[in-house]
Amino acid sequence: MRFESGYTIGMHKFSRRTIFRTAFAFPFAGLLSAQSSEPGLRAYAAKKKLLYGAAAGWPVLRDDADYAKHFAEECNLLVPENVLKMGPVHPEPERYNFEPADYMMEFCKKNDMRMRGHTLVWHSQGWPWLKTTVNATNARKYLEEHIATVAGRYRGQMHSWDVVNEAVEVADGREDGLRKTAWLEFLGPEYLDIAFHAAAAADPQAKLTYNDYGLDYDTPGNEKKRDAVLRLLRGLKDRKAPIHAFGMQAHLDWKAFQNFKAETLRRFFRDVASLGLEIYITELDVGDRDLPDDEAERDKGVAKVYEDYLTVALEEPAVKAVLTWGLTDRYTWLAGRNRRPSGAGARVLPLDREYKRKPAWHAIARAFESRKA
Ligand code: XIL
């Protein structure tokens, strides 16, 4: 069929009005599309005085121009996914590798973004030379030197630092809930205080953060861990350690999310905030392994988890920043961890593999909009 007052070009039918409009607009097409395209998540966040960011991969930030472009468009905060961890940044006792993180800091400055550091002390991805070189006698010296050097390099430039990551593991069976790590073995529980004091001396402006996971759900395991984390935070505050923020990793999962209860999260965040700490959602992503292969259905399920979680989290005024653990499904650690039996790729982040905004992106934008100013 042909439109009475239109034209057929190939399979497409155009009314006269459309053709007129298109011709008229053509000289300004670039301008119009730039104006009508929705702003990035960073604009939604900024409207509510929040930061939105993502974990940045290396070397993709340098080598994939599309990735870098979308990063700058969507984020006003960046955290290196791996390159500031103890092992990658300090591969030998006398050698540091700052090139990737320096690049990221420059990238942030150029694009009007903040950067957060991750992480000064962790039991994982540690120094490859730890076992052969470090012992109870010299551990404090090595730890303090590491923190002075790494945090000191970006003095005055970091938004925040994850000073200690994942120090709690209830299953390790200690009364205080602390994870049995080399640092605990060498220095005792004081290693936490040592690290925070060293970080404060190296970068007095950064918000010093304790970061952990497994705290999101209304389950006995998560409840025990919340208790242990609160005890850890309270202990640091009581001893006047310089800690300013708590990082909630929030590695969520569609199936596990059936155990989410708004009131439980609200209560935990209120308890953390009552210690005078800011809260950052630091590593948000939503595992989709148990959703069907169908993309639309999967995207809907994942988006709902993002929206439900963030809407509740953002009710708490102490929450000041949200970061997803990656920006695009093209690069996500869950691709390896959450393999689907069918082999289909993970769809767990705000942008798809082609950098197209997914329902999860819109869910995050709506959650930001829901935040009371
Ligand atoms: C992950 C990275 O995404 C992976 O690339 C790496 O192989 C292992 O670490 N909690 C954290 C992050 O604090 O540093 C972890 O990042 C994910 C879990």
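Residues numbered from 1 in each chain as written. Predicted model: local features only at pLDDT ≥ 70, side-chain atom pairs only at ≥ 80, totals over all residues. Heavy atoms only, no water.

A. Broad picture of the overall build of the chain. Counting secondary structure elements, the chain contains 16 helices and 11 strands. Over its C-alpha atoms, taken along the principal directions, the chain stretches across nearly 90 × 45 × 45 Å. Summing over all exposed atoms, the chain offers an accessible surface of approximately 17,500 Å²; the carbon and sulfur share of this is 52%. In the chain, which carries 56 positive and 53 negative side-chain charges, the distance between the mean positions of the two groups comes to 4 Å. (Helix = DSSP H or I, 4+ residues; strand = E, 2+ residues; numbered from the N terminus. Areas by Shrake-Rupley, 256 points an atom, 1.4 Å probe, with all protein chains shown as cover. Lys, Arg positive; Asp, Glu negative; His and termini not counted. Charge placed at Lys NZ, Arg CZ, Asp CG, Glu CD.)

B. Just the site of the ligand, in detail. If you check the shell around the ligand, you find 13 residues, and the closest are E81, K85, H118, E283 and W325. Side-chain polar atom of H118 to an oxygen atom of the ligand: 2.7 Å apart, as the coordinates give it. In the model, a nitrogen atom of the ligand is placed 3.2 Å from a nitrogen or oxygen of the E166 side chain. If the ligand stood free it would expose 410 Å²; the protein chains cover 77% of that surface. (Near = heavy atom within 4 Å. Polar contact = N/O pair within 3.5 Å; in protein donor to acceptor, adjacent residues only side chain to side chain.)

C. Summary view of unusual backbone geometry. That bond from W58 to P59 is cis: its omega, 10°, falls within 30 degrees of zero. Its place among the elements puts P59 in the loop between β3 (51–56) and α4 (60–63). With an omega of 0°, the peptide bond between H118 and T119 qualifies as cis. Locating T119 in the fold gives a position in strand β5 (residues 114–121). In this model, K240 sits at a positive phi of 65°, which is unusual for a non-glycine residue. Its location among the elements puts K240 in the loop between α12 (220–238) and β8 (245–248). One non-glycine residue, Y355, lies in positive phi territory at about 70°. Secondary-structure assignment places Y355 in the loop between α15 (334–337) and α16 (359–370).

Geometry only, nothing functional implied.
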